[in-house]
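# Results of the structural survey
Take a look at the letters that make up each chain.
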Amino acid sequence: MALTTKTAGFPKRKCGVLGCTGSVGQRFSLLLAQHPHFELVAVGASDRSKGKTYREAVNWKQTTSMPLKIGELLVTECKPEHFKDCDIVFSGLDSSVAGDVETEFYLADIPVFSNAKNHRQAPGIPLVVPTVNLSHLDLIPAHRQPGKREKGFIVCNSNCAVIGIVIPLAAIQAKCGVVKQINVFTLQAISGAGYPGVPSSDIIDNVIPYISGEEEKMQPEARKILGGVDVRAKEFLERVDLEVAAKCIRVPVQDGHMAVVQMRFGDRKNVPSVEAVKSALSDYVSEAQILACPSAPEKAITLMAERDRPQPRLDRDADRGYSVSVGQVEKESGALFDMRFTALSHNTIIGAAGSSILNAEAAVIKGFV
Ligand SMILES: NC(=O)C1=CN([C@@H]2O[C@H](COP(=O)(O)OP(=O)(O)OC[C@H]3O[C@@H](n4cnc5c(N)ncnc54)[C@H](OP(=O)(O)O)[C@@H]3O)[C@@H](O)[C@H]2O)C=CC1
Ligand SMILES: N[C@@H](CC(=O)OP(=O)(O)O)C(=O)O
């Protein structure tokens, strides 16, 4: 469905982007420039960029040309005083600075939707994949610390490789029972490393079986996202019984992270059929769709029947990059796991900026912004 056909009555909000010149920041700027209700009014980056127009500061790498209006915005330092007109700030900041800068905005009572890893495991901060666990936004009032802040909060979205794993798992667990162990191999695009990212002489004609710090994030992030929330106790109930083993690999693909996921169900005497798992995936409807978030995909999961799909070049733009493509749902031949699937997600749309924007839309609809 086109973005504009399901937005009637959605309130207008003014937005800013921190880290506007980066790989994720550019994607934010483009998606916000095309957004019918979020207006991009402020952009920030490092000292290297401040004082320049956005057009001068950025090395634009999107396939759509830069919208005229955002090209004229003046890039400022990432200080709350430059963003005081914003109802929402999106952060695509490098993790070396994101932690402190995002905290400063929170303390200045400005809502922040972050892509960076810094606050994902903080006890009071929601870690939200918009087509999985929007209910975790319910902890925002507690996280604001009543009496201290009226508007400010931080909501994180997950690591871009985790997103392609937890969305199919949420769908499968909703209909087919608990999954207790997974083993994941990822094949991750070079844009995941930002810009300029991985040197061309390292990645052309090559794969690199190492992404610093990546494998360590898979289990803790999946446990928090797929867990519950106790609003009265003001805490997240993590899925501590879920075990995730991961191997992450960089491949010469521009955009689109692939994950091959082997699953072992909790109840091995009643393992669902492949057909039941396929139905769970294709029938899955997320809360973002039910709330009619303007950017919500028509289908959170695009189930692929072709033997050789999904593939990054062909499938990363499914539903404007907001849908995860899943295929190759198959029974495992060995005894260690029950079933496997292959997932493909756009790492800078549903894996990053698009997720933050969907989270913000849901927060507006739920009255938190
Ligand atoms: N790329 C992806 O697929 C994903 C990335 N992320 C996360 O999102 C964040 C952004 O990633 P990405 O866009 O790839 O990174 P980039 O390296 O491409 O961009 C980093 C941005 O941070 C800004 N910045 C750097 N240092 C400072 C500073 N001292 N003060 C203010 N701004 C600063 C840069 O501004 P300047 O140009 O002025 O230096 C730039 O705008 C990271 O935390 C990353 O881990 C999360 C999910 C997916
Ligand atoms: N590390 C991811 C992108 C990323 O920045 O992850 P995180 O937001 O968890 O630091 C990749 O290289 O593909």
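Please read all numbers here as calculations on a predicted model, not as lab measurements.

### A look at the site of ligand 1
Close contacts around ligand 1 come from 26 residues, with T21, V24, S46, R48 and S49 the closest. A distance of 3.2 Å is found between an oxygen atom of ligand 1 and a backbone nitrogen or oxygen belonging to G22. Between ligand 1 and N347 there is a distance of 3.1 Å, counted from an oxygen atom to a side-chain nitrogen or oxygen. In the complex, the protein chains occlude 81% of the 900 Å² of accessible area that ligand 1 would expose alone.

### Overview of the packing of aromatic side chains
The geometry of two aromatic rings is summed up by the distance between their centres and the angle between their planes. Taken as a whole, this structure holds seven aromatic pairs when the rule is applied. On the basis of an interplanar angle of 50° and a centroid distance of 6.4 Å, the ring pair of F38 and F90 is categorised as tilted. Residue F38 is found in strand 2 (residues 38-45), and its partner F90 is found in strand 4 (residues 88-91); the two are separated by 52 residues along the sequence. The buried category is assigned to F38, whose relative accessible area is 2%. With 5.4 Å between their ring centres and 70° between their planes, F83 and F105 make a pair best called edge-to-face. With F83 in the loop between strand 3 (75-77) and strand 4 and F105 in helix 4 (residues 95-107), this pair connects stretches of sequence that are 22 residues apart. As far as the burial class goes, F83 and F105 line up, both buried. Taken together, F10, F28, F38, F90, F113 and F153 form an aromatic cluster joined through their ring pairs. When the ring centre of Y106 is taken as reference, the NZ or CZ atom of R149 above it lies at 4.2 Å. Directly above the ring of F236 sits K224, whose terminal nitrogen or CZ lies 4.7 Å from the centroid.

### Some points on the packing of helix 1 (residues 23-33) against helix 12 (residues 349-365)
Remark: helix 1 packs on helix 12, axes separated minimally by 10 Å, with the N-to-C direction vectors making an angle of 45°. Taken together, the axis directions place helix 1 and helix 12 in an arrangement best described as oblique. Every pair of crossing elements has a handedness; the one defined by helix 1 and helix 12 is right-handed. Touching V24, R27, F28, L31 and L32 of helix 1 are I349, A352, A353, G354, S356 and I357, all from helix 12. Its residues assigned to classes, the contact of helix 1 with helix 12 comprises eight nonpolar, two polar and one charged.

### Section: the state of the cysteines
This model, assessed by the stated rule, comprises zero disulfides. No disulfide involves C78; its sulfur sits 7.3 Å from the nearest other cysteine sulfur, which is in C20. C78 sits in the buried class, given a relative accessible area of 11%. Cysteine C156 shares no disulfide, and the gap to the nearest cysteine sulfur, in C160, comes to 14 Å.

### As for the UniProt feature "domain: Semialdehyde dehydrogenase NAD-binding" (unreviewed entry) in the protein
Residues given the UniProt feature "domain: Semialdehyde dehydrogenase NAD-binding" (unreviewed entry) here are residues 14-140. Regarding residues 14-140, the helix share stands at 26% and the strand share at 18%, and the terminal C-alpha atoms are separated by 20 Å.

### Points about the domain arrangement of the protein
You can read the domains of the protein as domain 1 (12-159 + 353-365) and domain 2 (160-346). Relative placement of domain 1 and domain 2: their C-alpha centres are 24 Å apart. With 36 residues of domain 1 at the contact, the number on the domain 2 side is 42 residues. Here domain 1 and domain 2 share an interface that buries about 2,900 Å² over both sides, 65% of which is from carbon and sulfur atoms. One salt bridge in this structure joins R120 and E221, with 2.9 Å as the shortest N-O distance. Inspection of the domain 1/domain 2 interface yields 14 residue pairs in polar contact (both at pLDDT 80 or more).

### Thoughts on the environment of G152
Structurally, the position occupied by G152 is in the loop between helix 5 (140-143) and strand 6 (154-156). C-alpha separation for the pair G152 and L107, spaced 45 residues apart in sequence, amounts to 6.9 Å. When sequence neighbours within four positions are dropped, the list of residues in contact with G152 reads Y106, D109, I110, P111 and R144.

### Overview of the UniProt feature "active site" (unreviewed entry) in the protein
What UniProt calls "active site" (unreviewed entry) maps, in this numbering, to C160 and H257. Of the residues just listed, which span 98 residues, no C-alpha pair is farther apart than 7.7 Å, and they cluster in one region. Note on placement: C160 falls in helix 6 (residues 160-176). The class for C160 is buried, based on a relative accessible area of 14%. In this structure, C160 is in contact with H257, S345, N347 and G351, ignoring residues within four places of it in sequence. Turning to its location among the elements, H257 is positioned in strand 11 (residues 257-265). Taking the relative accessible area as the measure of exposure, H257 reaches 3% and is therefore buried. If near-sequence neighbours (up to four positions away) are discounted, H257 is found in contact with C160, A161, L187, Q188, A189, G192, R250, A343, L344, S345 and N347.

### Description of the site of ligand 2
Near ligand 2, the surroundings consist of N115, R120, N159, C160, Q188, G192, A193, I211, E214, K217, R250 and H257. Contact between ligand 2 and R120: an oxygen atom at 2.6 Å from a side-chain N or O atom of the residue. For ligand 2, an oxygen atom lies 2.8 Å from a polar atom in the side chain of K217. With the chains in place, 81% of the 350 Å² that ligand 2 exposes on its own is no longer accessible. Among the residues making up the shell around ligand 2, the classes are represented as three nonpolar, five polar and four charged.

What counts, and at which threshold
- Residues numbered from 1 in each chain as written.
- Chains lettered and ligands numbered in written order.
- Predicted model: local features only at pLDDT ≥ 70, side-chain atom pairs only at ≥ 80, totals over all residues.
- Heavy atoms only, no water.
- Near = heavy atom within 4 Å.
- Polar contact = N/O pair within 3.5 Å; in protein donor to acceptor, adjacent residues only side chain to side chain.
- Areas by Shrake-Rupley, 256 points an atom, 1.4 Å probe, with all protein chains shown as cover.
- Phe/Tyr/Trp six-rings, centres within 6.5 Å; stacked < 30°, edge-to-face > 60°.
- Helix = DSSP H or I, 4+ residues; strand = E, 2+ residues; numbered from the N terminus.
- Buried < 20%, exposed > 50% of the residue type's maximum accessible area, 1.4 Å probe, protein only.
- Lys NZ or Arg CZ within 6 Å of the ring centre and 35° of its normal.
- Axes fitted to C-alpha atoms, helices over the stretch in contact; angles between N-to-C directions.
- Parallel < 35°, antiparallel > 145°, perpendicular 65-115°, else oblique.
- Left-handed = near helix turned anticlockwise from the far one by under 90°.
- Contact = heavy atoms within 4.5 Å.
- Nonpolar A, V, L, I, M, F, W, Y, C, P; charged D, E, K, R; others polar.
- Disulfide = S-S within 2.5 Å.
- UniProt positions renumbered as here; feature names shortened; annotations may be inferred.
- Domains from an automatic or database assignment.
- Buried area = accessible area lost by both parts, 1.4 Å probe.
- Salt bridge = Lys/Arg side-chain N within 4 Å of Asp/Glu carboxyl O.

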